[in-house]
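# Working through the structure, step by step
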Amino acid sequence: MCQGPMHEFLQALPKCEHHMHLEGSLEPSLLFDLASRNGISLPSPTEDPSFQSIDTLLARYRRFTSLDDFLHYYFIGMSVLITPADFESLAYEYFGRAHRDGVVHAEVFFDPQAHTSRGVAYNAIVDGFTAAQKRASADFGITSELIVCVLRHLPVEDGEKMYRDAIPHLETGVIRGLGLSSTEKGNPPHLYRDIYADAERRGFNRTAHAGEEAGVDYMASAVHHLNVMRVDHGIKLPEDESVMALFAQRNIMVTMCPLSNVELRCVSKVADLPIRTYLDNGVKFSINSDDPAYFGGYILDNHCAVQEAFGLDKREWERIVGHAIDGSWCSDERKGELRRHLEDVMVRYKD
Ligand code: HPA
Ligand code: ZN
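The rules behind the values
Throughout this document, residue positions are counted from 1 along each chain, in the order its sequence is written. Just so you know, chain letters begin at A and ligand numbers begin at 1, following the order they were written in. Restriction of local features to residues with pLDDT of at least 70 applies here, the model being predicted, together with a cutoff of 80 or more for giving and counting side-chain atom pairs; totals for whole chains, interfaces and linings are based on all residues. Neither water nor hydrogens contribute to the side-chain values; these are computed over all heavy atoms in the structure. Runs of H or I in DSSP of at least four residues are treated as helices and runs of E of at least two as strands, each being numbered from the N terminus. Each radius of gyration is computed over the set of C-alpha atoms, and the globule rule expresses the reference value as 2.2 Å times the number of residues to the power 0.38. Each residue is assigned to one of three classes by its accessible area relative to the maximum for its type, calculated with a 1.4 Å probe on protein chains only: buried under 20%, partly exposed between the two thresholds, exposed over 50%. When checking whether two residues touch, look at their non-hydrogen atoms; a contact exists if any pair is within 4.5 Å. What sets the accessible areas is the Shrake-Rupley method with a 1.4 Å probe; for residues, cover comes only from the shown protein chains. Counted charges follow a simple rule, with Lys and Arg positive, Asp and Glu negative, and His plus the chain ends left uncounted. A single reference atom marks each charge: NZ on Lys, CZ on Arg, CG on Asp, CD on Glu. Here a residue is near a molecule or strand as soon as one of its heavy atoms is found within 4 Å of it. Two N or O atoms form a polar contact when they lie within 3.5 Å of each other; inside protein one atom must be a possible hydrogen donor and the other a possible acceptor, and for residues adjacent in sequence the pair counts only when both atoms belong to side chains. Here a cavity denotes a set of grid points, spaced 1 Å apart and computed over the protein atoms alone, in which a 1.4 Å probe fits but from which it cannot get out, and a pocket denotes an open set meeting protein on both sides within 12 Å along at least five of seven lines; residues with an atom within 4 Å of a point are reported as lining. Think of it this way: a molecule belongs to a cavity or pocket when more than half its atoms come within 2 Å of the grid points there. Only Asp, Glu, Lys and Arg are considered charged, only Ala, Val, Leu, Ile, Met, Phe, Trp, Tyr, Cys and Pro nonpolar, and every remaining residue, Gly among them, polar. By convention here, the domain bounds are inherited from an automatic or database domain assignment. UniProt positions are given in the numbering used here, feature names are shortened, and annotations may be inferred rather than shown by experiment.

## A word on the overall build of the protein chain
- The secondary structure content of the protein chain amounts to 17 helices and eight strands.
- For the protein chain, the C-alpha radius of gyration of 19 Å lies close to 20 Å, the compact-globule estimate for 351 residues.
- Considered along the principal axes of its C-alpha atoms, the protein chain spans approximately 55 × 45 × 40 Å.
- Counting over 351 residues, the protein chain shows a buried share of 61%.
- Put simply, of all contacts in the protein chain between residues at least 6 apart along the chain, 76% involve residues at least 24 apart.
- Summed over all atoms, the accessible surface of the protein chain reaches about 13,600 Å², with 49% contributed by carbon and sulfur.
- Here the protein chain contributes 35 positive and 52 negative side-chain charges, whose respective centroids are spaced 3 Å apart.

This is the structure we're talking about:
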């Protein structure tokens, strides 16, 4: 992967991660460990031989055929998370890993419905994650925010109930925003308009996955029906120049995940992603890892893959990382610190 001075520069950039599912950072080693500690039975070798060992599971992760094929493993994986300490370990491991990759601020998704439906208390999840956030801030200086996701493969009413339960935490800022994830095709954004309208009325931050497997029409719907501030994945803008112009004009940030898009067969290679098109058309984006334990790479690997495919220069990276800072849901004071950090790195790595 991109070796030499560009690699060091990419590592040093103060990165903000906007698109990372905490449950998607569950490495197979922790998955097996928690399954045995919590007495959770995983699929038997006759049901699915992938669960024979860490290696066979990792090998299966390299052969996803679609978003739903991945989600099948993602939901089995997270079934091992039971206690607040499990959620804390998961998140703390991610924060440590992200810190080593140069992440200074992380806004991370989580899926309460996938846990409460198994009998895990909502507060066990949030308590575990917030404990990890505090430790990561003290140990690594990393700031972080939680984004609660509505799962779109479940009935809309189920998502509404989860959203209602999350409102007190959204009001206090324990949770910083609302997202929408899981099976995209057949579950268009407009189905969630009531939830998003309420979130907008209450002044909550809003994002939604759109334009990952489905087309640009889902991205347009996320803007028109959900009035989102960001769109997750959002790789389909080149399908419609007028929607692309709308994103640029309204400053709607796209949170891209290059390795995820290749692993889930949304594109055949990173070079097919519209990175250059977005730079040329003023569409702001950040580079993220999505589900790093499943897609073979954390945020720095994603930055390296983009560098290898597009050969960007340092000024272009400064723009990308600057946009990621601006598009973050942290305080202006924190943004100022991150901006100064970026300026220092640009001076340190001046050609
Ligand atoms: N898309 C939709 N839902 C998800 C994803 C994704 O890439 N990762 C985890 N949940
Ligand atoms: Zn995602």
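Now, onward.
## Things to note about the site of ligand 1
- Taken together, the neighbourhood of ligand 1 is formed by His21, Leu67, Phe70, Leu71, Tyr74, Ser181, Ser182, His209, Glu212, His233, Asp290 and Asp291.
- Serine 182 has a polar backbone atom sitting 2.8 Å from a nitrogen atom of ligand 1.
- Taking aspartate 290, its side chain carries an N or O atom lying 2.8 Å from an oxygen atom of ligand 1.
- Coverage of ligand 1 by the protein chains reaches 99% of its 260 Å² of free accessible surface.
- If you map ligand 1 onto the pockets, it falls in the largest cavity.
- Top element by residues in the shell around ligand 1 is helix α4 (residues 67-78). It accounts for four residues.
- In terms of residue class, the shell around ligand 1 is built from four nonpolar, five polar and three charged.
- Each of domain 1 (4-27 + 84-348) and domain 2 (28-80) gives at least three residues to the shell around ligand 1.

## Quick word on the UniProt feature "binding site: substrate" (unreviewed entry) in the protein chain
- Per the UniProt entry, the sites bearing "binding site: substrate" (unreviewed entry) are Asp291 in this numbering.
- Looking at where aspartate 291 falls in the secondary structure, it is placed in the loop between β8 (285-287) and α14 (292-295).
- Judged by its relative accessible area of 2%, aspartate 291 is buried.
- What aspartate 291 contacts, discounting residues up to four positions off in sequence, is His21, Gly24, Phe70 and Tyr74.

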